[in-house]
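# Commentary on secondary and tertiary structure
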Amino acid sequence: MGLDSPPRAPVPPGLFSGSLLNALWCPDRAGCQTGPGCALAGGRRPARRAVRSDPGKLGASGRRRLPPLRAAATGTRDWAAWENRKKKVVISVPGSNFPRMRWAGHLPRTSWGSGLGRTPQLSEAIEKHRRNLTEWFSRLPREERQFGPTFALDTVHVDPVIRESTPDELLRPSTELATGRQRTQAGLPPLALSQLFDPDACGRRVQTVVLYGTVGTGKSTLVRKMVLDWCYGRLPAFELLIPFSCEDLSSLGSTPASLCQLVTQRYTDLKEVLPLMTTAGSRLLSVLHGLERLNLDFRLAGTRLCSDPEEPGAPAAIMVNLLRKYMLPEASILVTTRSSAIGRIPSKYVGRYGEICGFSDTNLQKLYFQLRLNQPDCGYGAGGVSATPAQRDTMIQMLSRNLEGHHQIAAACFLPSYCWLVCATLHFLHAPTPAGQTLTSIYTSFLRLNFSGETLDSTHPSDLSLMAYAARTMGKLAYEGVSSRKTYFSEEDVRGCLEAGIKTEEEFQLLQIFRRDALRFFLAPCVEPGHLGSFVFTVPAMQEYLAALYIVLGLRKTALQRVGKEVVEFAGRVGEDVSLVLGILAKLLPLRILPLLFNLLKVVPQVFGRMVSKSREAVAQAMVLEMFREEDYYNDDVLDQMGASILGVEGPRRHPDEPPEDEVFELFPMFMGGLLSAHNRAVLAQLGCPIKNLDALENAQAIKKKLGKLGRQVLPPSELLDHLFFHYEFQNQRFSAEVLGSLRQLNLAGVRMTPRKCTVVASVLGSGKHPLDEVNLASCQLDPAGLRTLRPVFLRARKLGLQLNNLGPEACRDLRDLLLHDQCQITTLRLSNNPLTAAGVALLMEGLAGNTSLTHLSLLHTNLGDKGLELLATQLDRNRQLQELNVAYNGAGDTVALALAKAAREHPSLELLHLYFNELSSEGRQVLRDLGGSGEGGARVVASLTEGAAVSEYWSVILSEVQRNLNSWDPVRVQSHLKMLLRDLEDSRGATLNPWRKAQLLRVESEVKTLLEQLGGSAH
């Protein structure tokens, strides 16, 4: 707004107020605090003076500068009374018929409400500003969008604890790793958000509030919540709110811009409001977020005074004058900053300090998890099934018990950021997520949420990334812990890694900033019994992530490698020039040593390259050995370990006096592979931790070489899943295809196949070309959604085992589609011990009718009953390739069993039919034995352990099947069937005179009696 702009309504708040007035008038400007000893505390008010314009004394801007005001020497009037009676100071502007107003007085609060909203145009402009802010601040970061649109800030926000502090406390040395609960017990009581601008203890109005905290305490979320609260009308004390990002302001550098320009460039709708912005008084709230990004200079020699919002200046200078209360002196200001930058604002300009202490109360943590985990899931993957309310309740209860037990997770969730990480990890483990999302990407995104754009010290010329500093220091501590297999660190261990290589005062100052701002983010005091006084990484997986980051960034170097690198760089700089000179001299002078020196310069880089290659191979060897440690063969897979570390382990816990178990670091190699993926490398580059493409390629080649040697061994199911999870984290299909090209058997029997594990297996093996001889997923708690996810893997399988998975008729629909697929090559399908029922068999028969590959089908103990076997008997001829059919233990009677046996005898390819353990009478078993023993060709029927007076050649198959399912089948029914078989054996033994047959029958009888004893029944 220029000098010839239309006049503004004369609604003048005060020009000078508070500590700025002291700084201008008091002889001791630097440290004056208004008090009983100050002349201003009880002196007379200064003389009022109207300053008229004088064309000969105008400043460079065309405006008359105010002469310095002086305070009277003595007096007894109250300062507050004088403040309330201040008068306006009027400046006439040449060329204008209206006086230009300067502000030096308060208006009653009743008049403030009409300052901005008295015309429909201004009201509409402010409402439009509210709508734009709502749209902008409601946008979820990319990391948040994985939870779906229901995870809005309004639905899951829990206010952190804000503890009011004093300037004296800021000067005291604080304990670096004190828990939040310890910090909030001392000092002033906690503050609510609505109390931030309440009068202080002396009744003075608070205009400037500084909120500070370490990384991860929720400063950014708090600002977003306050802005949205204002947009929704929940902050009626403020008529206008203007947020400023100090990161954006710092990017402008020293480019001159006025306050009005800064506002309108970002909020164009406020153009119409600007003429009255200065009249809003305390009902204008400016939010300065991330003050540590700005380099502020409050010295008068460094930043000149400026009270005109339209006068251009450096953005930092504009903010300094706002905080000085020289510009918009009555406006309210909220500042957020990291702990190390509190001192950038002199305390005399601050009305209240508030430390954001996070969720220091366990009840706040539980409330956050209840709000977040109870939100409806939004599935991204095809066929994904969200958790049921009962499952979510169980998860929340387990997490609450873990928090109430004062376990380490409660100390981690003191930081709201780690509450987010816990929810993100649980969502990754238990809910459908976008394709390609990995555990490594969650941790990398978590660090981007907290460290994106963060520099260690904005005033330092190096502009060092805070994350890069953390990777060098905390990564070193993490890797040393992984190497020595320990998770607990003493204070000496922490100090040794932090202070290693510190030589100058500048380096020491940077270390102090890191200690105040970020150390608590990575390390927490240990609260586990037996380890009090030591420190641990905030969550165990963070140690393994940082150790992996330390390796892939190439920060682990020996002294020889560091010297060698410097030599190579020197040789590279001078090598070409020296080689050229030596080549010329070698032609002119007969010196035989010159070609030797010429070749030596070429050898130095090659020697160093081999040395680096050996180092990479050593790291790859250590990583692969960690993946395939025999001591960890019978541990849970890494995904179950992650869930247990969050939700806790149900049952008795280890006594503190018991010898500690060997620490497991199975996530370390997973994170190494994940950090080498293209997506994570791109995010790390944004954090100031770039991984060069060549380094990533050479690391991947070294890992592939070691995996190719050790990855061919037969692994237990949980270790095999860990191996597949490594490839899933790496996200490189070509790499996985080469390494897993020799895998022929996928045995994951007994592994609880959650939706996430199904996704891992399908994404790694689903795109392969070579067939899998066998896929064993017995007793994996699979559901129909898991079958759909794993279909690409099933299409590569020759033999498929899905026993003991509680699959019902709904799953048979997916199995039918699998059998009808034109790429299906399954020859053996085992579905025993699943409640398929007759409805499921009807669907399976549709698949069998169109399938040309299946030859062996097991429907043992699938609740078919008479109806299911009758359906098989009538439709068996629709398939022409089946060779073996097992329908034992299905509760079928004599009639349907005989019908199925006759259909099997007439089938062109069926060779064997299992009917044992069905509800057959003695006569029925005899008829089936006679039918199976006839020499007319067709399928053999196995209905008992005997065939006439001899032992059936399939007796071991029958008894081994019973032995495998002894704990899952109904013991009463199994006992009755075993007793009938035992009677058959005894009858056959009495009917034969052949001693060899008698011996065989006695042997089988002893096996049956042993099974009966295991069931607790007698043989008679």
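Residues numbered from 1 in each chain as written. Predicted model: local features only at pLDDT ≥ 70, side-chain atom pairs only at ≥ 80, totals over all residues. Heavy atoms only, no water.

## Section: the packing of helix α14 (residues 362–373) against helix α15 (residues 389–404)
As a packed pair, α14 and α15 sit with axes 10 Å apart at the nearest point and diverge in direction by 165 degrees. Between α14 and α15, the interaxial angle falls into the category roughly antiparallel. Of the two elements, α14 crosses α15, and the hand of that crossing is right-handed. Of the residues in α15, those touching α14 at T362, Q365, K366, F369, Q370 and L373 are R392, M395, I396, L399, S400, L403 and E404. Residues belonging to the contact of α14 with α15 are distributed by class as follows: six nonpolar, four polar and three charged. (Axes fitted to C-alpha atoms, helices over the stretch in contact; angles between N-to-C directions. Helix = DSSP H or I, 4+ residues; strand = E, 2+ residues; numbered from the N terminus. Parallel < 35°, antiparallel > 145°, perpendicular 65-115°, else oblique. Left-handed = near helix turned anticlockwise from the far one by under 90°. Contact = heavy atoms within 4.5 Å. Nonpolar A, V, L, I, M, F, W, Y, C, P; charged D, E, K, R; others polar.)

## Details of unusual backbone geometry
In the Ramachandran plot, N833 falls in the positive-phi region, its phi being about 60 degrees despite a non-glycine side chain. Checked against the element boundaries, N833 lands in the loop between β15 (828–830) and α36 (837–850). The class for N833 is buried, based on a relative accessible area of 9%. Its identity is not glycine, yet T837 carries a phi of approximately 65 degrees, on the positive side. Assignment of secondary structure puts T837 in helix α36. (Buried < 20%, exposed > 50% of the residue type's maximum accessible area, 1.4 Å probe, protein only.)

## Some details on the packing of aromatic side chains
Taken as a whole, this structure holds 27 aromatic pairs when the rule is applied. Measuring from ring centre to ring centre gives 5.8 Å for F489 and F537, while their planes differ by 85 degrees; the resulting arrangement is edge-to-face. Here F489 is found in the loop between α19 (466–483) and α20 (491–498), whereas its partner F537 is found in strand β11 (residues 535–537), with 48 residues between them in sequence. Owing to a relative accessible area of 1%, F489 belongs among the buried residues under this scheme. Members of the aromatic cluster, joined through ring pairs, are Y418, W420, F446, F451, Y469, F514, F521 and F522. The ring of W230 carries the charged tip of R130 above its face, separated from the ring centre by 4.0 Å. In this structure, R266 is placed above the aromatic ring of W136, and the distance from its NZ or CZ to the ring centre is 4.9 Å. (Phe/Tyr/Trp six-rings, centres within 6.5 Å; stacked < 30°, edge-to-face > 60°. Lys NZ or Arg CZ within 6 Å of the ring centre and 35° of its normal.)

## Details of the nonpolar core
In this structure, F514, F522, L802 and L859 are the most contacted members of the largest nonpolar core, which totals 176 residues. Counting residues per element, this core draws most heavily on α19, at eleven residues. Setting aside anything within four residues of it in sequence, one finds L802 in contact with L777, L782, L787, F794, L807, L815, L829, R830, L831 and N834. In this structure, F197, L270, L285 and L291 belong to the second largest nonpolar core, which totals 71 residues. (Core = buried A, V, L, I, M, F, W, Y, C linked by side-chain atoms within 4.5 Å.)

## Thoughts on the packing of α14 against helix α17 (residues 416–430)
As a packed pair, α14 and α17 sit with axes 11 Å apart at the nearest point and diverge in direction by 35 degrees. Considering the relative orientation of α14 and α17, their crossing is right-handed. Of α17, the residues touching α14 (which contributes Y368, F369, R372 and L373) are C419, W420, V422, C423 and L426. In terms of residue class, the contact of α14 with α17 is built from eight nonpolar, no polar and one charged.

## Focus on the sheet that holds strand β13 (residues 772–776)
Taken in spatial order, the eight strands line up as β12-β13-β14-β15-β16-β17-β18-β19 in an open sheet, and their pairing is parallel. Edge positions in the sheet fall to β12 (745–747) and β19 (940–942), since each of these pairs with one other strand and no more. Strand-to-strand twist in this sheet, taken as the mean axis angle between neighbours without regard to direction, amounts to 10 degrees. In terms of strand pairing, β13 meets strand β14 (residues 797–801) through four bridges, oriented parallel. The residue of β14 that forms the bridge with L772 is A797. (Pairing = 2+ DSSP bridges.)

## Here's the deal with helix α35 (residues 809–820)
In this model α35 runs 17 Å from its N-terminal to its C-terminal C-alpha over twelve residues, within 8% of the 16 Å that 1.5 Å per residue would give. Where α35 is concerned, the buried positions are A811, C812, D814, L815, R816, L818 and L819. Elements that come into contact with the buried residues of α35 comprise α33 (784–789), α34 (791–794), β14 and α36. (Expected span 1.5 Å × (residues − 1).)

## Describing the pairing of strand β3 (residues 162–165)
Burial of the side chains of β3 extends over both faces: I162 and E164 are buried on one face and R163 and S165 on the other. The pairing of β3 with strand β4 (residues 190–191) spans two bridges and is antiparallel. From the neighbouring strand, R163 faces β4, where its bridge partner is P190. Relative to strand β9 (residues 352–356), β3 runs antiparallel, the two sharing four bridges. Along β9, the bridge assignment pairs R163 with E355.

## Describing the pattern of salt bridges
Per the stated rule, a full pass over the model turns up 37 salt bridges. Between D637 and K757 there is a salt bridge, with the nearest N and O atoms lying 3.0 Å from each other. Here D637, found in the loop between α25 (593–627) and α26 (638–647), pairs with K757, found in helix α32 (residues 755–765); they are 120 residues apart in sequence, far enough to count as distant. Here D637 matches K757 in class, with each residue buried. A salt bridge links D814 to R788, with the shortest nitrogen-to-oxygen separation between them at 3.3 Å. Residue D814 is located in helix α35, and its partner R788 is located in helix α33; the two are separated by 26 residues in the primary sequence. Owing to a relative accessible area of 9%, D814 belongs among the buried residues under this scheme. A single network of salt bridges, built from pairs that share partners, joins E247, E292, R293, R338, E454 and D517. (Salt bridge = Lys/Arg side-chain N within 4 Å of Asp/Glu carboxyl O.)

## Focus on the pairing of strand β8 (residues 332–338)
Burial of β8 is extensive: seven of the seven residues sit out of reach of the surface. Neither face of β8 is open: one carries S332, L334, T336 and R338, the other I333, V335 and T337, and all of them are buried. Relative to β8, strand β5 (residues 208–213) runs parallel, the two being bridged by six bridges. Note on β8: the bridge partner recorded for G213 is R338. Pairing analysis gives five bridges linking strand β7 (residues 284–289) to β8, with the strands arranged parallel. Looking across to β8, one finds that H289 is bridged to T336. Between β7 and its parallel partner β8, the chain crosses via helix α13 (residues 315–323), and the hand of that crossover is right-handed. (Right-handed = clockwise from strand over helix to strand, strands pointing away.)

## Concerning the sheet that holds β9
The strands making up a sheet associate through backbone hydrogen bonding, with each pair oriented either parallel or antiparallel. Strand order in the open sheet made by the seven strands is β4-β3-β9-β5-β8-β7-β6, with mixed pairing throughout. Lying at the two open borders of the sheet, with one neighbouring strand each, are β4 and β6 (240–245).

## Comments concerning the confidence of the model for the protein chain
Of the residues in the protein chain, 74% reach a pLDDT of 70 or more, and the chain-wide mean stands at 78. With pLDDT under 50 throughout, residues 559–568 is counted as low confidence; its partners more than four residues away or in other chains account for 14 contacts. (pLDDT = per-residue confidence, 0-100.)

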